[in-house]
Structure formats: structure tokens, C-alpha cells
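Here's the letter readout for the chains.
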Amino acid sequence: MADGHASSLVLPGGNNPVQEKQTPVVPGGPFISRRMASWWSTIEDLQWPQKKIVDKIKRRAEGFAAANIDTAINYGFHIRFDFANYFGQLHGYYAQVKEELHQRGIRFMEHYSCNHVERPRGNAEWHTLQKSQRHHTLLFHDPVAAKYAQYEGYLFQSLCEVDIRDGSRGYAKQYQLETFCHNNPHFLDMHRKYLQRHQQEVGCDGFQVDDMCNYAGLTTCGCTWCRERFRKDYGHEIPPFGEKAFWGDVSKPMLQWGNYDNPVFRDWLKMKDDSITDHVKMVKETIGQKPLMTCCSSTGPVVLNAVSLNLERIAAQVDFYMLENVGTNIKCVHWVEKDAEALQQKDIARKRGHAPAIALSYTIYREGGYLGWALARFWGVANWASTFHQRLEEDPADAMEVEDLIQPINNWEINYSNLDCHEGQDLVEVRLANNSYCRANGWKGTDGKEHWDKVKAWSEQFVKHNIGYRFVRWEELASADALLAENTPLVIDSMACVSDRQYQALCTYLAKGGAAWLALPFGTHDEKGNRRNVPFSTGLLARQYKQLILVKTATSGPVLNNLLTTRKCTPAVVQTAGNSNWAIRARKHKDRTVFHFLNTALVGKPHPVIRDISNVPVLNGIEADTKDNRLVVEVNTRIIPVSSLTVVSPELAAQNRVVTVIKKSQQVVELHFDLSDIKIYAVAQ
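With 17 residues, helix H5 (residues 185-201) extends 24 Å from end C-alpha to end C-alpha; this agrees with the ideal 24 Å at 1.5 Å per step. Residues of H5 that are buried sit in contact with helix H2 (87-103), strand S3 (107-113), strand S5 (150-151), strand S6 (154-155), strand S9 (206-210) and helix H8 (263-287). For H5, the N-terminal cap is asparagine 184; the gap from its side-chain oxygen to the backbone nitrogen of histidine 186 is 2.8 Å. Directly after H5, the chain includes glycine 203, whose backbone phi takes a positive value near 65 degrees.

Below you can see the structure in the form of C-alpha cells.
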């Protein structure tokens, strides 16, 4: 968007005085956030209550208030039990942070990883840790002290997962972590007691208990408790490492291990998910009514099974649902590929009583922060703004604090477009099925693609054609009443693993006039991954339902184009002139329709010197084609009521542009949107 190492995104009027009245926080109970930000801590904060640290807390709290941040989430001191010897001063620091924020009407959430300790193995990994994981706030035991490190009488080494290969302690090499076992009752007792102490000494407003997964992956866990649970709950023994019928080809990278054709292997993955789910239940029971969330950067692909990362499995225990939109480099501008993840997590939240959904985006410079905010607006979720202090090998001299970075954007929003993301209702024209049974059972088609690959391909085509969509997941797919509650087509692509209940629900839905677009295969396996003698597709197609349309799989090309050409799909929003790079998303806010515009062809401007840990240039700015940005869009008013509209954008500061409305027919109007000189985001409201 602009030249220079530091941010030069100019938002005239963005630093106007705070418009929203803030009142002191009354502690306790649930709450809903809209503008969140990370509260970064560094090792010197352990020197609390020295005056320098106290002054820094007050100064930053003022900055958060000026930026209209309503919730601060702790970042730093991440691998929490590495700091067991310093919990007194750490909790004292957090307690003061909370009080200063509460005085300014801002809530404070804790965020930490509970089931690891930093334990680099060897000199090379010690240096890797110091280079790549500085943002954890590193203070870990050396190999001698590590033998005696403990909390509440539990030696950390006795809580670790057991590597099935050789009986050593479980180790996540990608993060230089030794991993605690979610099944170990001593670990669970230690974590429970820590949460109770934290409640007493800090009393924060909510918790993000991070890394509810298993980063050591498929090498663990062969401890006594895991073996006993697998035996008791599933009736199996864990086979010796290398037994190909279970482990598959272990010469491949660990994330690709496992023989999914073996039901014992599939059961083992489910048992690992069970263990994490029970751990999350314990956390929720301990913190009570306070909101709980965990970290999740992905929910769709099969590869997540290897690290037991399964948000859908633990969803019933969680109150907030966040997408960690990872990335500070130039690739993060390719946001369309993230749309499916964002909307799937939004549906998970929707099925939990319209619980808050949140997008966390990292940035080094202001342009990245603006893009993260724009993504949250486009997706209709709360924005969690975060810098990434100490994630790079060396922090740039011109790096900004998050409160300074997000202040002009938040204040512009409050002054000129104060939409409540949680009340917005998305326009839904089609429903996209993603059945987690396919992921759980590791299904892949003869083309090597998995169910999630097909789902993402549909998502990207819907974004390209401005078609509003939402996800339908495993529970809803098993209810005919739920499927019949909406009069929109159901898109099913390569949904191989289908339960009897899901099949019957779909048959009832189609028999009663429901519409579906189906790409084979369908129902070749049951929900446990067992192959059916006759696939469900045989019976489905034999019934010749009038509203069932057989289509090609979405990964084969632009399948949606054919549906549009044959008018089997008639979008409510059709762009007829102007730059085609803009994605348009309609959303209803109370009694009015709002149109969000987000550029799909952004180009990341690389920093001339600084690269991230994967050696990709850090995002230093954003460029986009701004030619022909006067858009003409036809809207079906029978589906989307349209009233008078004006275009606003942070890139226009206080300026607004009236939208010309021309009536074309009884139910179609032509809207003329002037997005001239806008590169990233605009809204017509």
C-alpha cells in the first residue's frame, strides 16, 4: 500500500478521540468481544513490581483504551510450566495488568500452553529454539535442572508422553518441546491445581488454553495410561512400532504415517482425540462460567489427525471459536484459500448458540494489521489484532506496538462504520457439506484428493462468483428437519464416509423437494471408515430425485460456471462491469443490507531485508490493481432488500460516496459502487 519499512497507511481522522464510552469492568461471567488485541510480555516483566514494569503496564493500558480495544489477551510466558518457580511474581504482574485494564473498561484473558516444556536436545536445537521461538518468552531448565523440575510435587519428566519407538520422553522437534500426556492423571491434577491458583491470584476474565493437540504426533503415546485406555475403551493393544499393517510406511514424514485401512489405527486416532477432549472438559469445569477458547489454525484436512488437532471434537466445551490466521509474510495476502476455514469455524460457533467467532491475524507492519481487520469484517467475526514480537530472529527497529498499529483502524470503524459483527446475518444461497467422518477416517479418492480439497475448491468458486454460502457439518447432515429448514441447494462433493442416519436424512430431504448438487463418490464407507458392499450413491441415484443434480468434482475445474450457464444457480449478486477482482459479501444488519468488498488479487510487497523463519520476505506493504474500480452490480431485491447506500473505507478516511441505484425490473436493481483509489476493503452501508 505504501513505501517504507514502517507503516505509512494514512487514515485521516482515524485518530479521532474515542467515541465509545468505556466503563470499568465488573469481573466474572461470560462476555462478547469485538475488538481484541494481544498483550505481549517480555522476560523483564518478571521484575514486577519494579517501577519500570508498573509504569509500562499503565502506559500500555492507556494505549489499549485509546485504541478502543475491548479485550486484551496475554501473549508471552507461553510454555507456562517452564515458569513454575516464578508464578508468584508472574501472577502479581498479571493481576496488576488486569486491574489497570478493568479500570479502563477492558477485559483481560489469559493465554498459555499447558502441556509442554521447552527442552531442546543438543546444541543445534538449542540455537534453533533461540532463533525461532523467542516469542514464547524463553526461560527453561538446562538438562541438569530439568531432572528435578516440578510443580505441586510432580516431576515434569514423569508426566511426559512416552515415545512408542524407544520408550523415551515424547518430543516435538518442530518446537523443541517435551510433551505432557493428556491421559496422565498426575499431569491433569497438576494443571487443575494451577488453574485454581491462577483463579485466586489473578482472577482473569477468561482463558485460552493453547495447544490442545499433540505436537509430538504419531510417535506418542505409549505410556501406561494410554495403553490401558486404548485397551479398555476400544479393545485394542498398540502394536509395536514399524508394524506396517498399523503404522503404514514410516519411511515417510511422520505426518503421513498410518494405515487408514486398518480400523485399529483409526480407533487409535479417535482415542487420542478422546484424551484431549477430556482434558478440555476438566479445564472448563475448573474455570466455570468464564469463557474458554483454544487455538486452532485449521479444521479441515486429514493431516490434522497426526497431531490430534480437532476443534469439532472439543467444540462442546469451548465458548469462543478462533481462527489463527497465521502469517506475517507476503503470502498472507492470498486470503481466498482461507475462506473455507473461516466459515467452517463460524459454523461451529453458530451451532453452539451463535457463540462468538474470532479471527486472529498477525502482522509486523500496519498494512498487515489493516488486512487482518478487513478479513474479520468480510467474514463477519470479531477481530483479534496481534503483532508478532520476537517471532523473527531479530525484531525490526521500526516495529510497532499493537495498540498503535490498530488504533486508527478501530477508531475509524467506530466513527464511520460501527457494525456489530455478532448481529450480522450472512446471505446464504447455497450450503456446502463438509463431513468430518471423511477426515477422521483419512479418506482420499482415486485422484489423491480428500474431501476437504473438494470443499475448499467449492469455497473458492463461491467467493469468485459472489455467492453467499455456509457450511453444513456432520450433525446437521444427520437431521432431515435441519436440512429442510432452508430452501437452498446442498452441495456434496466426494463425501465418501456417510452414516446411515445421514443417508436417511438426505433421502428424506430430497423426497420432500430439497435440492442437492452431488459429485461422486458418495457413501462408499460408513462413519467408522468401513467400506460398504454397495455405496449409498447407487440407491440415491436409482430413486431419480427431481432436485438431485449430478455434477463433476470441484477440483476438476470451474464446475460452478456450468451451473450458472444452465441457470441451475442464479446468484442474487451479479457484477456486470468494473474490476472483477473484488469479492462481494452481503450481510444483513438488523433492518438493512450491507455489502462488504475485499480484493481477491492483492500483491504482497516484500520487505527488502527482513524474512520470516521460513525465509519468505515479511509483508511490508500491499499493492493492488485499482483500475476500473467503478463497479456495476445487479441485485435481486426479492432476496436482498436494498435501501440507500454509501461507500466508506478506511482508505477514504471520512469521505463517503453515494451509491447510485437504478431499477432494472420488478425485482432487480443496478447498483453503481465507486471504489476508486481503494485497494483492499470497502463497505456499502
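Right, picking up where we left off after that structure.
Overall, the coordinates contain ten cavities of 30 Å³ or more when judged by the stated rule. Forming the boundary of the largest cavity are 17 residues, of which Arg377, Val381, Glu413, Leu419 and Cys421 lie nearest the centre. For the lining of the largest cavity, the elements supplying multiple residues, two or more each, are helix H11 (366-379), strand S13 (382-387), helix H12 (402-416) and strand S21 (582-589). It is H11 that provides the largest number of residues to the lining of the largest cavity, a total of three residues. A breakdown of the residues in the lining of the largest cavity according to their chemical character gives six nonpolar, five polar and six charged. One number sums up the size of the second largest cavity: a volume of about 100 Å³. As for the second largest cavity, its lining consists of 13 residues, and the residues nearest its centre are Glu161, Asn214, Cys226, Lys272 and Ser275. A per-element tally of the lining of the second largest cavity places H8 first, with five residues. Residues that form the lining of the second largest cavity fall into these classes: six nonpolar, five polar and two charged.

As a further point, take the pairing of strand S11 (residues 321-325). The buried fraction of S11 amounts to five of the five residues, a majority that puts the element mostly inside the structure. Residues Tyr321, Leu323 and Asn325 point to one face of S11 and Met322 and Glu324 to the other, with burial holding for every one of them. The pairing of S11 with strand S12 (residues 357-363) spans five bridges and is parallel. Counterpart to methionine 322 in the pairing with S12 is isoleucine 358.

Pairing is antiparallel across the open sheet formed by six strands, whose spatial order is S14-S21-S22-S30-S26-S27. Edge positions in the sheet fall to strand S14 (425-426) and strand S27 (657-658), since each has one partner strand and no second. Here strand S22 (residues 592-599) pairs with strand S30 (residues 681-684) via four bridges, running antiparallel. Opposite phenylalanine 597, over in S30, you have alanine 682 as the bridge partner.

Turning next to the sheet that holds strand S4 (residues 116-118). One open sheet holds the three strands; their spatial order is S4-S8-S7, and the pairing between them is antiparallel. Bordering the open sheet on either side are S4 and strand S7 (171-172), each of which pairs with just one other strand. Relative to strand S8 (residues 177-179), S7 runs antiparallel, the two being bridged by two bridges. In the strand pairing of S8, alanine 172 is matched with leucine 177.

Packing of H11 against H12 brings their axes to within 9 Å, and their N-to-C directions diverge by 40 degrees. Here H11 is positioned oblique relative to H12, judged by the angle of their axes. The two elements H11 and H12 meet at a crossing, and its hand is right-handed. Each of Arg366, Gly369, Tyr370, Trp373 and Arg377 in H11 lies in contact with H12, whose residues at this interface are Asp404, Leu405, Ile406, Pro408, Ile409, Asn410, Trp412 and Glu413. In terms of residue class, the contact of H11 with H12 is built from seven nonpolar, two polar and four charged.

Following the sequence through the fold, lysine 338 ends up in the loop between S11 and helix H10 (339-350). Measuring from C-alpha to C-alpha, the distance between lysine 338 and tryptophan 458 comes to 12 Å, with 120 residues separating the pair along the chain. In this structure lysine 338 touches Ser297, Leu323, Glu324, Asn325 and Trp379, once residues within four positions along its chain are discounted.

This part is about the nonpolar core. Judged by nonpolar contacts, the single largest core of 143 residues is most densely connected at Phe81, Phe156, Met293, Trp458, Phe462 and Trp517. Looking at this core, the element that brings in the most residues is H11, giving eight residues. Residues Leu477, Leu483, Tyr509 and Leu548 belong to the second largest nonpolar core, which totals 27 residues.

One pass over the structure, following the stated rule, counts 44 salt bridges. Between glutamate 201 and arginine 197 there is a salt bridge whose closest N-O contact spans 3.0 Å. Note that glutamate 201 and arginine 197 are positioned in helix H5 at a spacing of four residues, about one turn of the helix. On the basis of relative accessibility, which here comes to 24%, the residue arginine 197 falls in the partly exposed class. Between aspartate 426 and arginine 587 there is a salt bridge, with the nearest N and O atoms lying 2.5 Å from each other. Here aspartate 426, found in strand S14, pairs with arginine 587, found in strand S21; they are 161 residues apart in sequence, far enough to count as distant. Aspartate 426 gets classed as partly exposed once you look at its relative accessible area, which sits at 25%. By relative accessible area, arginine 587 is classed as buried at 2%. Within this structure, Glu312, Asp347, Arg350, Lys351, Arg470, Arg473, Glu476 and Glu486 form a network of salt bridges that share partners.

A full pass over the atoms with the stated rule returns 45 aromatic pairs. Aromatic side chains phenylalanine 81 and phenylalanine 87 sit 6.2 Å apart centroid to centroid with 65 degrees between the ring planes, which places their arrangement in the edge-to-face category. Grouping aromatic residues by their ring pairs yields a cluster made of Phe81, Phe87, Tyr112, Tyr151, Phe156, Phe180, Phe187 and Tyr194. The cationic tip of arginine 60 hangs over the ring face of tryptophan 39; the distance from NZ or CZ to the ring centre is 4.9 Å. One cation-aromatic arrangement involves arginine 121 over tyrosine 171; the distance from NZ or CZ to the ring centre is 4.1 Å.

Cut-offs used in this document
Residues numbered from 1 in each chain as written. Predicted model: local features only at pLDDT ≥ 70, side-chain atom pairs only at ≥ 80, totals over all residues. Heavy atoms only, no water. Helix = DSSP H or I, 4+ residues; strand = E, 2+ residues; numbered from the N terminus. Expected span 1.5 Å × (residues − 1). Contact = heavy atoms within 4.5 Å. Polar contact = N/O pair within 3.5 Å; in protein donor to acceptor, adjacent residues only side chain to side chain. 1 Å grid on protein atoms, 1.4 Å probe; cavity = no way out; pocket = protein on both sides within 12 Å on 5 of 7 lines; lining within 4 Å. Points joined across faces, edges and corners; volume = space filled by probe spheres on them. Nonpolar A, V, L, I, M, F, W, Y, C, P; charged D, E, K, R; others polar. Buried < 20%, exposed > 50% of the residue type's maximum accessible area, 1.4 Å probe, protein only. Pairing = 2+ DSSP bridges. Axes fitted to C-alpha atoms, helices over the stretch in contact; angles between N-to-C directions. Parallel < 35°, antiparallel > 145°, perpendicular 65-115°, else oblique. Left-handed = near helix turned anticlockwise from the far one by under 90°. Core = buried A, V, L, I, M, F, W, Y, C linked by side-chain atoms within 4.5 Å. Salt bridge = Lys/Arg side-chain N within 4 Å of Asp/Glu carboxyl O. Phe/Tyr/Trp six-rings, centres within 6.5 Å; stacked < 30°, edge-to-face > 60°. Lys NZ or Arg CZ within 6 Å of the ring centre and 35° of its normal.

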